Amino acid sequence: MTNRTLGVAVIGTGKMGADHVRRINDVISGAHVAAVVDIDEARAKGLAYALEGCRAYTDPVAAMAADGVDAVLIASPGPVHETALLEALARDLPVLCEKPLTPDSVSALRVLEAEQQLGHRRIQVGFMRRFDSEYLQLKELLASGRLGRPLLLHCRHRNVSVHDYFTNEMLISDSVVHEMDCARWLLEQEITAVTVIHPTPSSNAPEGLSDPQLVVFETDGGAVVNVEMFATCGFGYQVQAEAVCENGTARIGEGHGLLTNTAGRWGGEITPDFIARFADAYDREVQRWVDATRRGEATGPSAWDGYAAAAVCEAGITAQLTGQRTPVVMIERPALYA
Ligand code: ISE
């Protein structure tokens, strides 16, 4: 346990990284931003300039080696995560890594192996939904057994729109990956096979994007999970889930905030994006990571969860391309992640 505030190097200062810099600086306790890293030097300098004692870097290795850096938050694009993760593990630095851990299961396995060689967990993966209050309530309810065995999980994941560079693969690896993680976590079961079904695409979807898609997971506990993934729904950001169990059902994500009745209509607001919808979850995620790190522990979604998500994504992408039910190929869970 340390009384010192944790000096965090934030690697990657795009939308998510910049939001984490703000969060560490303004919202949570026990940590400060000691370094920011971005290939765009001007951007890094601009952020560092506004923060006392914070230095700007373009090289993650230099930032990790800097005095006052005790931990690393990785929010750079997925393809460069592996190098940063291996460097952090070589320095035995605690890491909070935005999803994906790495873009594929082979590289994720290399990270798992490096952490196992270290002999203790250092990595938490940024599956923030596990820190959302409604997801936590659903988790607690399912774990209590009060509703009996879960049979089905119906999920809806809707984004207003996506960038032009968004691909069919990304619908799985960038978006549905959250349901993959949540299903494994909520049900405490591994996903064994994935099937993807495509309706005729929405005319609002960009050319070449088959949106929406219906993605179905089977699990080793006999449950079935279906996910409506609709990345260009146009009307708001919605993430909903309904567990159907032997003795009842439970639903989250209805977004029942302020409801108004006026002029012959009733209604509320739908959050515009994941930053707004999961603001509390991100705050809780980073605070718990800081608290655990200061206690000398690693908690939350592990590198194993990052690897499992990568393996399920691979099956999902094959299922998308082939139209076939595709089994998930995974190694046995190593003892470090038992
Ligand atoms: C984005 O990268 C996220 O992680 C969001 O949570 C998800 O809803 C969105 O579809 C992804 O593109």
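The structure under discussion appears in the preceding block.
All values derive from a computational prediction rather than experimental measurement. (Residues numbered from 1 in each chain as written. Predicted model: local features only at pLDDT ≥ 70, side-chain atom pairs only at ≥ 80, totals over all residues. Heavy atoms only, no water.)

Asker: Which residues make up the sheet that holds strand β2 (residues 31–37), and what values go with them?
Answerer: Across the sheet, which stays open at both edges, the six strands sit in the order β3-β2-β1-β4-β5-β6 with parallel pairing between neighbours. The open sheet has two edge strands with one neighbour each: β3 (55–57) and β6 (123–126). Between one strand axis and the next, the sheet turns by 25 degrees as a mean value, whatever way the strands run. Sheet strands in contact with helix α4 (residues 81–90) are β4 (71–74), β5 (95–98) and β6, and its direction is about 170 degrees off that of β5. (Pairing = 2+ DSSP bridges. Helix = DSSP H or I, 4+ residues; strand = E, 2+ residues; numbered from the N terminus. Axes fitted to C-alpha atoms, helices over the stretch in contact; angles between N-to-C directions. Contact = heavy atoms within 4.5 Å.)

Asker: Can you lay out the site of the ligand for me, pointing to particular residues and giving the numbers?
Answerer: Residues in contact with the ligand, as listed here, are Lys 99, Met 128, His 157, Asn 159, Phe 166, Asp 174, Ser 175, His 178, Tyr 237 and Phe 274. For the ligand, an oxygen atom lies 3.0 Å from a polar atom in the side chain of Lys 99. At 2.7 Å, a side-chain N or O of Ser 175 approaches an oxygen atom of the ligand. Protein chains shield 89% of the accessible area of the ligand, which is 300 Å² for the free molecule. The element that contributes the greatest number of residues to the shell around the ligand is helix α7 (residues 168–187), accounting for three residues. Looking at side-chain class alone, the shell around the ligand contains four nonpolar, four polar and two charged residues. (Near = heavy atom within 4 Å. Polar contact = N/O pair within 3.5 Å; in protein donor to acceptor, adjacent residues only side chain to side chain. Areas by Shrake-Rupley, 256 points an atom, 1.4 Å probe, with all protein chains shown as cover. Nonpolar A, V, L, I, M, F, W, Y, C, P; charged D, E, K, R; others polar.)

Asker: Tell me about the sheet that holds strand β11 (residues 238–245), residues and numbers included.
Answerer: Here we have seven strands laid out as an open sheet, ordered β12-β11-β7-β10-β9-β8-β15, and mixed in their pairing. The open sheet is flanked by β12 (248–252) and β15 (326–327), the only strands paired with a single partner. In this sheet, β12 lies alongside β11 in antiparallel orientation, the contact comprising five bridges. If you follow Glu 242 over to β12, its bridge partner there is Arg 251.

Asker: Outline the pattern of salt bridges, listing residues and values.
Answerer: For the structure on display, the rule yields 26 salt bridges. Across the pair Arg 4 and Asp 70 runs a salt bridge whose closest N-O atoms are separated by 3.1 Å. Taken together, the residues span a long stretch of sequence, with Arg 4 in the segment before β1 (6–11) and Asp 70 in the loop between α3 (60–65) and β4 at a distance of 66 residues. In this structure, Glu 140 engages Arg 146 in a salt bridge whose closest nitrogen and oxygen atoms are separated by 3.8 Å. A relative accessible area of 47% places Glu 140 in the partly exposed class. Salt bridges linked by common partners bring Arg 130, Asp 181, Arg 184, Glu 190, Asp 305 and Arg 333 together as one network. (Salt bridge = Lys/Arg side-chain N within 4 Å of Asp/Glu carboxyl O. Buried < 20%, exposed > 50% of the residue type's maximum accessible area, 1.4 Å probe, protein only.)

Asker: Describe the side chain of Asp 305, and please don't skip the residues or the numbers.
Answerer: Residue position: Asp 305 is located in helix α10 (residues 303–322). A polar side-chain atom of Asp 305 sits 3.4 Å from a polar atom in the side chain of Arg 130. Among the polar contacts listed, one links the side chain of Asp 305 to the backbone nitrogen of Ser 302, at a separation of 2.8 Å. Leave out the neighbours within four places in its chain, and Asp 305 touches Phe 127, Arg 130, Asp 181 and Arg 184.

Asker: How would you explain the nonpolar core if you had to name every residue and give the values?
Answerer: Judged by nonpolar contacts, the single largest core of 83 residues is most densely connected at Ile 123, Tyr 135, Val 194 and Phe 217. With 11 residues, the top contributor of residues to this core is α10. The residues that make up this core include at least three from each of domain 1 (6–128 + 280–301) and domain 2 (133–273). Non-local contacts of Phe 217, meaning those with residues more than four positions away in its chain, are made with Val 176, Glu 179, Met 180, Ala 183, Ile 191, Ala 193, Val 194, Ala 223, Val 224, Val 225 and Val 227. If you look at the next biggest cluster of nonpolar residues, it comprises 20 residues, including Ile 24, Ile 28, Ala 31 and Ala 75. (Core = buried A, V, L, I, M, F, W, Y, C linked by side-chain atoms within 4.5 Å. Domains from an automatic or database assignment.)

Asker: Before we move on, can you summarise the pairing of strand β10 (residues 224–230) with the specific residues and values?
Answerer: A large share of β10 lies buried, amounting to five of its seven residues. One ladder, built from seven bridges, connects strand β7 (residues 150–158) with β10; its direction is parallel. From the neighbouring strand, Leu 153 faces β10, where its bridge partner is Val 225. Bridge count for strand β9 (residues 213–219) against β10 is six bridges, and the pairing is antiparallel. Opposite Leu 214, over in β10, you have Glu 228 as the bridge partner.

By themselves, these figures tell us nothing about what the structure is for.
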